[in-house]
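Each chain is listed here by its residues.
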Amino acid sequence: MHSTPDSVALLAPPDEGAAPATPTKIGFVSLGCPKNLVDSEVMMGLLLQGGAQITPRAEDADVIVVNTCSFIDKAQQESVDAILEMAQHKTTGKARKLIVAGCLVERYRNEIQKNIPEVDAVVGTGELQQILSAAGIQPPPTDLGPFVILNSRPEGDARQASGRFSKEGWESAIADLPNYLYDENTPRLLATPKYSAYIKIAEGCDHPCSFCIIPQLRGKFRSRRFESVIAEAQHLAQQGVREITLIGQDTTCYGEDLGLTDGLARLLERLAQIDELRWVRFLYAYPNKITSKLLETIAAHEKICSYIDVPLQHASPSVLKNMKRGAGAEIFLKSIANMRRHIPDLTLRTSFIVGFPGETAADFDLLCDFVRQAQFDWLGVFSYSDEEGSRSFALGDKVAPKEIERRRRKLMSIQMQISRKNKRALIGRQFDLLLEGPSEETDLLWQGRTAMHAPEIDGTVYVNDFGDRDNVREGEFHRCEITEAHEYDLVARIL
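Keep in mind that what you see is a predicted model, and the values were worked out from it rather than measured.

**Q** Explain the pattern of salt bridges residue by residue, including any values.
**A** Considering all chains together, one arrives at 39 salt bridges under this definition. E232 is paired through a salt bridge with R224; the nearest N and O atoms lie 2.6 Å apart. In terms of burial, E232 and R224 fall into one category: buried. A salt bridge links D432 to R278; its shortest N-O distance comes to 3.7 Å. Of this pair, D432 sits in strand β14 (residues 430-438) while R278 sits in the loop between α9 (263-271) and β10 (279-282), and the two are 154 residues apart along the sequence. Overlapping salt bridges, with partners in common, bring together R153, E155, R159, D206, E256 and K289 in one network.

**Q** Describe the sheet that holds strand β6 (residues 196-200), and please don't skip the residues or the numbers.
**A** Strand order in the open sheet made by the 3 strands is β6-β9-β10, with parallel pairing throughout. The open sheet has two edge strands with one neighbour each: β6 and β10. On average, each strand axis in the sheet is tilted by 20° relative to the strand beside it, whichever way the strands run. Where strand β9 (residues 243-247) and β10 come together, 4 bridges link them in parallel fashion. When the bridges of β10 are listed, T245 appears paired with R281. Set on the sheet, helix α1 (residues 34-49) makes contact with β6 and β9; between it and β6 the angle comes to about 95°.

**Q** Provide a residue-level description of the sheet that holds strand β15 (residues 446-449), including the pertinent values.
**A** Within a sheet, adjacent strands bond to each other through the backbone by hydrogen bonds, running parallel or antiparallel. An order of β14-β15-β16-β18-β17 is seen for the 5 strands of this closed barrel, with the pairing classed as mixed. If you compare each strand with its neighbour and ignore which way they point, the axes differ by 55° on average. In the sheet, β14 pairs with β15 via 4 bridges, with the strands oriented antiparallel. The residue bridging P438 from the neighbouring strand is W446, located in β15.

**Q** Could you give me a rundown of the packing of aromatic side chains, with the residues and numbers involved?
**A** Here the distance between the centres and the angle between the planes together describe a pair of aromatic rings. Using the criterion set out here, one finds 7 aromatic pairs in the structure. Taking the centre distance of 6.2 Å and the plane angle of 85° together, the rings of F352 and F370 count as edge-to-face. On the criterion of sequence distance, the pair formed by F352 in strand β12 (residues 347-354) and F370 in helix α13 (residues 361-374) is long-range, its members being 18 residues apart. An identical accessibility class is assigned to F352 and F370; each is buried. Their ring planes at 75° and their centres at 5.4 Å tell us that F356 and Y384 sit as a pair that is edge-to-face. Taken together, the positions of F356 in the loop between β12 and α13 and Y384 in the loop between β13 (378-383) and α14 (401-424) put the pair 28 residues apart, joining distant regions of the chain. Across the pair, Y384 and F356 agree in class, each one buried. One Lys or Arg, R278, reaches over the ring of F477 and ends 4.5 Å from the middle of that ring. Lying across the ring of Y307, R281 places its NZ or CZ 5.0 Å from the centre.

**Q** Help me get a handle on helix α10 (residues 292-300), residues and values and all.
**A** Those residues of α10 not exposed but buried are L294, L295, T297 and I298. For α10, the arc enclosing every buried residue in end-on projection is 160°, short of the 170-degree limit, so these residues lie on one face. Of the surrounding elements, those touching the buried residues of α10 are α9, β10, β11 (307-309) and α12 (329-342).

**Q** Provide a residue-level description of the pairing of strand β16 (residues 461-465), including the pertinent values.
**A** Relative to β16, β15 runs antiparallel, the two being bridged by 3 bridges. Pairing of G448 across the sheet is with V461, part of β16. Where β16 and strand β18 (residues 490-494) come together, 4 bridges link them in parallel fashion. Note on β18: the bridge partner recorded for Y462 is V491.

**Q** Which residues make up the nonpolar core, and what values go with them?
**A** Among the nonpolar cores identified, the biggest contains 113 residues, and L246, I308 and F370 are the most heavily contacted of them. The dominant element in this core, judged by the number of residues it contributes, is α1, at 7 residues. Not counting the four nearest positions on each side in its chain, L246 is found in contact with I199, I201, T251, L264, L267, L268, L271, R281, F282 and L283. Grouped together as the second largest cluster of nonpolar side chains are 20 residues, I83, M86, A87 and V105 included.

**Q** Hey, could you go over helix α8 (residues 226-238) for me, with residue numbers and the actual values?
**A** In this model α8 runs 19 Å from its N-terminal to its C-terminal C-alpha over 13 residues, within 8% of the 18 Å that 1.5 Å per residue would give. Of the positions making up α8, those classed as buried are F226, S228, V229, I230, E232, A233, L236 and A237. Taken together, the buried residues of α8 touch β6, β9 and α9. Of the residues flanking the end of α8, it is G240, one or two places downstream, whose phi is positive at about 110°.

**Q** Break down the side chain of S392 for me, with residues and values.
**A** Looking at where S392 falls in the secondary structure, it is placed in the loop between β13 and α14. On the basis of relative accessibility, which here comes to 0%, the residue S392 falls in the buried class. There is a polar contact of 2.8 Å between the side chain of S392 and the side chain of Y384. Looking at S392, its side chain comes within polar contact range of the side chain of S390, at 3.3 Å. Look past the residues within four positions of S392 in its chain and what remains in contact with it is S210, F211, F356, P357, Y384, D386 and K398.

**Q** Tell me what's going on with the side chain of D183, and back it up with residues and numbers.
**A** Relative to the helices and strands, D183 is located in the loop between α6 (154-161) and β6. Buried and without a salt bridge, D183 has R225 as its closest oppositely charged side chain, separated by 4.4 Å. A distance of 2.9 Å separates the side chain of D183 from the backbone nitrogen of N185, its partner in a polar contact.

What counts and how
Residues numbered from 1 in each chain as written. Predicted model: local features only at pLDDT ≥ 70, side-chain atom pairs only at ≥ 80, totals over all residues. Heavy atoms only, no water. Salt bridge = Lys/Arg side-chain N within 4 Å of Asp/Glu carboxyl O. Buried < 20%, exposed > 50% of the residue type's maximum accessible area, 1.4 Å probe, protein only. Helix = DSSP H or I, 4+ residues; strand = E, 2+ residues; numbered from the N terminus. Pairing = 2+ DSSP bridges. Axes fitted to C-alpha atoms, helices over the stretch in contact; angles between N-to-C directions. Contact = heavy atoms within 4.5 Å. Phe/Tyr/Trp six-rings, centres within 6.5 Å; stacked < 30°, edge-to-face > 60°. Lys NZ or Arg CZ within 6 Å of the ring centre and 35° of its normal. Arc of directions from axis to C-beta. Core = buried A, V, L, I, M, F, W, Y, C linked by side-chain atoms within 4.5 Å. Expected span 1.5 Å × (residues − 1). Polar contact = N/O pair within 3.5 Å; in protein donor to acceptor, adjacent residues only side chain to side chain. Lys, Arg positive; Asp, Glu negative; His and termini not counted.

What follows is the structure, given as structure tokens:
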């Protein structure tokens with residue numbers, strides 16, 4: 001799994017029949033975001049190509065890999081907890097090696113092995129090919145892909161010159177920035193359901209956001225070649241994937257370092273021409289990069305989900321200025337109106353940070369008013385995390401943790417009321433539904449998603465009436481009618 005639960009579980013590989021008993025068995029725990037999951041899939045693909053076997057049972061694993069998240073303090077703690085839990089299998093199970101990979105390695109490379117001696121090796125975000133030697137697997141005599149990408153943008157070069165990517169003060173981090181980026185020839189073992197997959201179209205980030213350390217963890221922004229993304233999508237579609245979700249730290253900058261104009265729009269337009277695909281969407285749009293061409297492209301193609309995830313972070317101009325983001329509520333409302341004008345059935349998701357240093361009661365009230373006006377379909381609220389190494393760490397006028405939590409709860413309460421009203425308005429409407437299988441809550445229901453629901457992050461559609469259909473299967477698309485609505489989830493019947 002690739003979230004951060006109380007008790008971690010290993011990624012489950014596809015059932016491909018019995019494997020020989022001799023290969024090294026390797027288990028994976030992938031924490032954090034979908035971008036991290038793709039890294040785990042690439043590492044599993046490399047290991048599988050090298051002759052290893054991937055197992056979902058920690059007690060059977062000879063080698064356990066924990067791919068970590070280090071975005072905020074809570075994620076760091078959950079990563080450490082997962083490492084410690086998996087370390088127990090070196091005593092109680094058959095595990096010989098414990099490997100830690102991912103963002104936590106970029107932040108605390110030497111400290112991990114120093115403080116957790118059970119860890120045998122570490123693999124950073126730009127060193128995925130080293131998972132083979134770390135696991136004791138002989139690399140195959142084949143090309144593993146372009147592990148060094150030299151693309152850059154003038155914006156990124158300028159930010160580097162100003163110290164944006166500096167790891168000064170990170171005692172155990174290496175100074176070199178990650179520059180790895182997989183391509184269509186890199187082996188990859190999907191951990192998602194067979195009908196849905198992520199494609200990472202870019203890596204790294206050049207933006208100056210003062211609360212964020214991702215540029216230090218992931219390096220400068222760099223795009224995959226246009227043809228590489230298309231080739232991977234075609235290959236996935238031929239394997240049975242029907243839903244593609246494009247991801248990156250900022251997908252809306254895609255292609256700028258390659259000299260492409262409207263790169264994301266062009267990419268979406270080309271992906272929409274792949275016959276086997278049913279849904280194509282992208283995540284994480286930067287506010288000022290949402291162009292008219294992009295909106296027109298989404299509106300023009302049925303396969304491109306009318307869904308935009310644009311993390312606005314705040315609505316107060318003063319807070320956004322301190323965040324090194326810019327704009328404010330008035331500008332955002334105009335932008336949202338423009339998006340909805342181009343795409344009348346648009347589903348809009350955003351996220352905010354509350355409790356940023358210097359956020360006053362008036363700033364927070366402005367944010368609440370903005371949320372009421374904007375009427376987002378989906379909204380996430382994060383409590384500010386004071387990350388050493390971020391520029392906001394040095395800011396004074398910190399907000400007390402209890403006040404941060406109070407503000408988070410209030411904003412989510414406002415959104416819950418909005419969501420309840422918006423979901424009720426869907427009753428009686430018909431949508432295409434992707435069935436995901438029996439509900440995790442009860443075997444009496446199935447669950448699925450519409451184009452309004454991105455994988456794993458939005459609500460669920462529960463199905464309690466299959467009409468005259470005796471046999472349905474996960475991964476199938478059916479027409480449905482919404483019959484009930486709750487705060488975030490819906491109930492539907494198959495037509």
